[in-house]
Amino acid sequence: MRDARLAGGLRLGLRLGLRLGLGLCVGLWATLAAALEVENRKVYPGTTDRTLSIVSTADLEVFEPYIQRFQQSHPELTVDYTVASSVELYRAIRDGAAFDLAISSAMDLQLKLANDGLAQSHRSDRTDALPDWARWRDLIFAFTAEPAVVVMSSRALDGAPPPATRQELITLLRDNPERFRNAIGTYDVRDSGLGYLFATQEARSTDAYWRLSEIMGRLSPELYCCSGQMVDAVISGRLSLAYNVLGSYAAQRMAQEDRRDIEIVQMQDFANLMLRTAIIPATATQTTAAGALIDMLLELGLRETPGDWPLPPLSQGTSDFGPIRLGPALMVYLDPFNRRAFLAEWENALVQDIVIEP
Amino acid sequence: MIARLSIGHRLTVLLAGVAALLSLLSWWMVSELARQAAARSQDNVLAASATTIAETIRSEQGEVRLELPYSALSMLGAISEDRVFYKVVAGERVLTGYDDLPVPTDAATGARVAFETGQYSGEAIRMASVRRTVLAGAGPVPVVVTVAQTLSGVDAVSGQLSRLAAALSLAFFLVAVGLSVFAARASLRPLNAFAQAVSRRGPSDLRPLRRDAPPELAPLRGALNRLMDRLGQSIRRSEDFIAEAAHRVRTPLATVRAQAEIALRSAESEESRQRLRRIIRAVDESSRSAGQLLDHATVAYRAEDLARDRIDLGELVAQAAAALEPTATMKDIAFHIATSQARVVGDAVLLESALGNVLDNAVKYSPDETTVHIAVSAEEGVARITVTDEGPGLGEGPIETLTERFRRGGNTEGVVGSGLGLTIAADVLAAHGGRLDLRNAAEGGGACVTLVLPAD
Ligand SMILES: Nc1ncnc2c1ncn2[C@@H]1O[C@H](COP(=O)(O)OP(=O)(O)OP(=O)(O)O)[C@@H](O)[C@H]1O
Ligand SMILES: [Mg+2]
């Protein structure tokens, strides 16, 4: 469940190195930037070599069951599954990389692709059954709804009940700085597409966001690329609190580790609900197969009970605030001016003395 | 073709045609209005969106800065699922947005808000531009904010309304056709009633039409009445003329007959007596004809305005028999009268003339020393006078034709007559709503003539 998967520090270092090493050799830099940074890739052979190529932000372990189920009904199809970060995925599709299906948790980037004419439309009984908020223009379809949660160790709470609102969280942090100094983890929104989406939507929806960021910034937080690493850090005891973690992933890891001393809290004043979406890129050739896979994902997305599937259904994560709305408004924070302004403010609040994850 | 088409159909087709035209017009108008309304509301939202963006434009350290407000794009997302594009240009430089997005042609010069429809990314789009001037660096910089949206939402809304309008127009048209049929029928009803009133009339009923007619039919009624009046007048004139002529002929004929009788008495030779008898016979025939013509004219005249006397048929028969008694006695013919109670309403003069003619025939065509049976009966609302003689009967030829004018049978050798007697009788009975039955008595061969009348 990594959305901008490259480990922050490593990647930053690599990039810096590249920049230094290649100096102003812009052409080569551009080529490297244009090439898709693949994090993982696996081919699931079918009975023919007709290949459905998927690019996705979901990890192999997470998505494998879906592919297997799909191949049960379409054994003739070979599935080529590529994992990439949401930003990489967006760039690849924008630059015309040939994929038949793009699945991403960064709703804003997916919507921008659809809006800019880089997606093909798909319509079936399944898509018609989808609620309005889970699709846009027959181009983009949501099949999971996953809330953003706060994960904290009971130790840090010291017997107090977990905070239910941001205001309570602010009070907790302000009153106990020693427990949380260097022990808060959150997304590095400069790097993570999903982190940026969560942050911008939260900043728009509640003014407590900036106050909370300010407080967290004072406590020297650690910045992460992905939910997974944050949850792992809480489990390992490195972090007392991870803010804005994908709830489904947190719950799954807790269940795996059987840790009772870690609380998963959903904020009551506002909680983001992310929709994982799929589009058929304009470059797709196996559109029928891609449509069939989307239909299967939607069928699972519309199931009533969570069952054994790694990703929760659409009905699972419904919070009082509803999901992040699929629509052109998502593109607002992708505008360079807005992004620059938002990141400046975010850095001001959070990166008071830069802590880079070792 | 048009002239032969029924007025009802013409009216229906015309009204339905008008309704179809109006339906089409209203459909087109509603569709057009819906399209305009949808387009205008899209324009308003686009303008509002561009304005919200333009309002955030400011200059910071000589640079033009702006922020894209969340509402600027969310308001566009709220009205439809259309694709949205935007672009901000300061002077010549594209600040942000879609570099290749077209801009309304008069965005830089015309009104503060400019609209245009164009093509972008393979779809038709509607653009709105808002212009602002910002002081930055060396001087004022014109900044143009363009927001564009595809048109599928507008098309969907106007298409939906247009389909709704089409359905309503069709319903309106069907109702209008139904009403047209009804209207055509209703407006033709007086005409049909009028036509029926005219066609229900008897063949010789030339009284003017008195029934109420709508003003449109008044000229027709007037013309018809005038025509009938003229017709009546001309018939009356010719009848008068015939009566007058008959009358004028009769008087000199009487003189001629008297003179011929005198001449016959004093005639010496058998040859001249023979000649004189032939003259007398011819005069008799002519005089009989003139008399019958006069009677016939009387029938035509009186039938127009029939007297309504209550008549006892027994008395009528008695009178008629009495009138013919002298002639019958001369031939030793006896009347045998059997009456039962029978009354009719009608014109006594005419009925007397009718019965007189029938009895006259019976006496005239019967051999001497025979009996003429006259029976009066009434049953089931029908009164009958049956005259049966013991003469030669009505002959071999077709019996019905004997009531035609001037028609005489083949058995009239030596019998004076004009052929009008049965015509008069038949006309009188027809005027009374009755009829004249002619047949031969079953045995004995005599004629059996029945006057049939509706009983009182
Ligand atoms: N009672 C009858 N017996 C035999 N023939 C008759 C009798 N009544 C009428 N006819 C026949 O019908 C014909 C028509 O009769 P109708 O009374 O009209 O004329 P008419 O007697 O010849 O002339 P008139 O006008 O002087 O009576 C007669 O010429 C005669 O041939
Ligand atoms: Mg006669």
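Residues numbered from 1 in each chain as written. Chains lettered and ligands numbered in written order. Predicted model: local features only at pLDDT ≥ 70, side-chain atom pairs only at ≥ 80, totals over all residues. Heavy atoms only, no water.

When its secondary structure is counted, chain A shows 15 helices and 12 strands. Classification of the 358 residues of chain A by burial places 56% in the buried group. Across chain A, contacts joining residues at least 24 apart in sequence account for 80% of those joining residues at least 6 apart. Just so you have it, chain A exposes about 14,300 Å², and 51% of that area is on carbon and sulfur atoms. (Helix = DSSP H or I, 4+ residues; strand = E, 2+ residues; numbered from the N terminus. Buried < 20%, exposed > 50% of the residue type's maximum accessible area, 1.4 Å probe, protein only. Contact = heavy atoms within 4.5 Å. Areas by Shrake-Rupley, 256 points an atom, 1.4 Å probe, with all protein chains shown as cover.)

Attention now goes to the confidence of the model for chain B. When pLDDT is averaged across chain B, the result is 89; 98% of the residues are at 70 or more. Reported confidences for the modelled complex are a pTM of 0.67 and an ipTM of 0.83. (pLDDT = per-residue confidence, 0-100.)

What follows is about the site of ligand 1. Residue and element names in this part refer to chain B. Residues in close proximity to ligand 1 total 22 residues, the closest being Arg288, Tyr365, Arg408, Asn411 and Ser418. Take Gly393: an N or O atom from its main chain is 3.5 Å from a nitrogen atom of ligand 1. In the environment of ligand 1, an oxygen atom lies 2.6 Å from a nitrogen or oxygen atom belonging to the side chain of Ser418. Expressed as a share of its isolated accessible area of 600 Å², the protein-covered part of ligand 1 is 99%. Put simply, ligand 1 lies in the largest cavity. Listed by contribution, the elements that provide at least two residues to the shell around ligand 1 are α5 (270-304), α7 (348-365) and α8 (421-431). Of the residues forming the shell around ligand 1, the biggest block, 4 residues, is contributed by α7. Counted by class, the shell around ligand 1 contains 7 nonpolar, 10 polar and 5 charged residues. (Near = heavy atom within 4 Å. Polar contact = N/O pair within 3.5 Å; in protein donor to acceptor, adjacent residues only side chain to side chain. 1 Å grid on protein atoms, 1.4 Å probe; cavity = no way out; pocket = protein on both sides within 12 Å on 5 of 7 lines; lining within 4 Å. Sits in = over half its atoms within 2 Å of the grid points. Nonpolar A, V, L, I, M, F, W, Y, C, P; charged D, E, K, R; others polar.)

Paired through their backbone hydrogen bonds, the strands of a sheet run either parallel or antiparallel. Residues and elements named next belong to chain B. With mixed pairing, the 5 strands of this open sheet are ordered in space as β9-β11-β12-β14-β13. Lying at the two open borders of the sheet, with one neighbouring strand each, are β9 (334-338) and β13 (435-440). Strand-to-strand twist of the sheet, defined as the mean angle between neighbouring strand axes without regard to direction, takes the value 15°. Alignment of strand β11 (residues 371-379) against strand β12 (residues 382-388), held across 7 bridges, turns out to be antiparallel. Within β12, the residue paired with Ala375 across the bridge is Thr386. Packed on one face of the sheet, helix α6 (residues 313-330) meets β9, β11, β12 and β14 (447-454) and runs near 175° to β9. Packed on one face of the sheet, α8 meets β13 and β14 and runs near 135° to β13. (Pairing = 2+ DSSP bridges. Axes fitted to C-alpha atoms, helices over the stretch in contact; angles between N-to-C directions.)

All names here are of chain A. Size it by volume and the second largest pocket reaches roughly 660 Å³. Around the second largest pocket, the lining comprises 30 residues; the ones closest to its centre are Tyr90, Arg94, Leu109, Leu334 and Arg339. Here the lining of the second largest pocket gets 5 residues from one element, more than from any other, and that element is helix α4 (residues 86-94). Of the residues contributing to the lining of the second largest pocket, the split by class is 11 nonpolar, 5 polar and 14 charged. (Points joined across faces, edges and corners; volume = space filled by probe spheres on them.)

Turning next to the environment of Asp116(A). Checked against the element boundaries, Asp116(A) lands in the loop between α5 (107-115) and β5 (119-120). It is 8.9 Å that separates the C-alpha atoms of Asp116(A) and Arg94(A), two residues lying 22 residues apart in sequence. The contacts of Asp116(A), once residues within four sequence positions are left out, are Arg83(B), Phe85(B), Tyr98(B) and Ser121(B). In terms of polar contacts, Asp116(A) uses its side chain to reach the side chain of Tyr98(B), at 2.3 Å.

This paragraph deals with α6(B). One full turn of an α-helix is made of 3.6 residues, so residues set three or four places apart face in the same direction. Residue and element names in this part refer to chain B. The terminal C-alpha atoms of α6 lie 26 Å apart, and with 18 residues this matches the ideal 26 Å at 1.5 Å per residue to within 8%. At Leu324, α6 is bent by approximately 50°, the largest bend along its length, and proline Pro326 sits one to four residues beyond. All buried positions along α6 are accounted for by Leu313, Gly314, Leu316, Val317, Ala320, Ala321, Leu324 and Ala328. (Expected span 1.5 Å × (residues − 1). Bend = angle between axes of the 7 residues up to and from the residue.)

Residues and elements named next belong to chain B. Interhelical geometry of α6 versus α7 gives an angle of 40° and a closest axis separation of 9 Å. Between α6 and α7, the interaxial angle falls into the category oblique. Here α6 and α7 pass one another in a crossing that is right-handed. Together, Leu316, Val317, Gln319, Ala320, Ala321, Leu324, Thr327 and Ala328 of α6 and Ala348, Leu351, Glu352, Leu355, Gly356, Leu359, Asp360 and Val363 of α7 make up the contact between the two elements. Among the residues forming the contact of α6 with α7, the class breakdown is 11 nonpolar, 3 polar and 2 charged. (Parallel < 35°, antiparallel > 145°, perpendicular 65-115°, else oblique. Left-handed = near helix turned anticlockwise from the far one by under 90°.)

On to the nonpolar core. One finds Phe63(A), Tyr81(A), Leu101(A), Val151(A), Leu173(A), Phe180(A) and Leu73(B) to be the most contacted residues of the largest nonpolar core, which totals 147 residues. For this core, the element with the most residues is strand β7 (residues 140-153) of chain A, which contributes 10 residues. Among all residues touching Leu173(A), those that are not within four sequence positions of it are Phe180(A), Ile184(A), Leu212(A), Ile215(A), Met216(A) and Leu219(A). (Core = buried A, V, L, I, M, F, W, Y, C linked by side-chain atoms within 4.5 Å.)

Before going further, it helps to examine the sheet that holds strand β4 (residues 93-97) of chain B. Residues and elements named next belong to chain B. Taking strand neighbours across the sheet as the criterion, the 5 strands line up as β4-β3-β7-β6-β5 in an open arrangement whose pairing is antiparallel. Since the sheet does not close on itself, it has two edges, and those belong to β4 and β5 (113-120), each with one partner. Ignoring strand direction, the axes of neighbouring strands in this sheet form an average angle of 25°. The pairing of strand β3 (residues 84-90) with β4 spans 4 bridges and is antiparallel. For Ala90, the partnering residue across the bridge sits in β4 and is Arg93. Along the sheet, helix α1 (residues 7-55) makes contact with β3, β5, β6 (123-136) and β7 (139-150), crossing β6 at roughly 30°.

All names here are of chain B. Counted under the stated rule, the structure contains 3 cavities of 30 Å³ or more. Empty space within the largest cavity amounts to approximately 400 Å³. The wall of the largest cavity is formed by 28 residues, among which Asn361, Tyr365, Leu394, Leu402 and Leu422 lie closest to the centre. Among the elements of the structure, α5, α7, α8 and β14 are those that each provide at least two residues to the lining of the largest cavity.

So, on to the interface of chain A and chain B. By a widely used convention, the size of an interface equals the accessible area lost when the partners come together. Contacts between the two partners involve 22 residues from chain A, matched on the other side by 25 residues from chain B. Our count for the chain A to chain B interface comes out at 2 salt bridges. Arg137(A) is paired through a salt bridge with Asp82(B); the nearest N and O atoms lie 3.6 Å apart. The tally of links from chain A across to chain B stands at 12 residue pairs in polar contact (both at pLDDT 80 or more). Counting residues per element, the ones that place at least two in the side of chain A that touches chain B are α5, β6 (135-136), α10 (193-205) and α15 (336-350) of chain A. Looking at which element gives the most residues to the side of chain A that touches chain B, the answer is α15(A), with 4 residues. Across the side of chain A that touches chain B, the residue classes break down as 9 nonpolar, 4 polar and 9 charged. (Salt bridge = Lys/Arg side-chain N within 4 Å of Asp/Glu carboxyl O.)

With that settled, consider helix α4 (residues 218-265) of chain B. Residue and element names in this part refer to chain B. The end-to-end C-alpha separation of α4 is 69 Å, in line with the 70 Å expected for 48 residues at 1.5 Å each. All of the buried residues along α4 are Gly222, Asn225, Met228, Gly232, Glu239, Ala243, Ala246, Leu253, Ala260 and Leu264. Here the buried face of α4 lies against α5.

Further remarks concern unusual backbone geometry. One non-glycine residue, Asp158(A), lies in positive phi territory at about 55°. Looking at where Asp158(A) falls in the secondary structure, it is placed in the loop between α7 (154-157) and α8 (166-175). Look at Asp158(A) and you get exposed, because its relative accessible area is 57%. Despite not being glycine, Asp332(B) shows a phi value in the positive range, around 55°.

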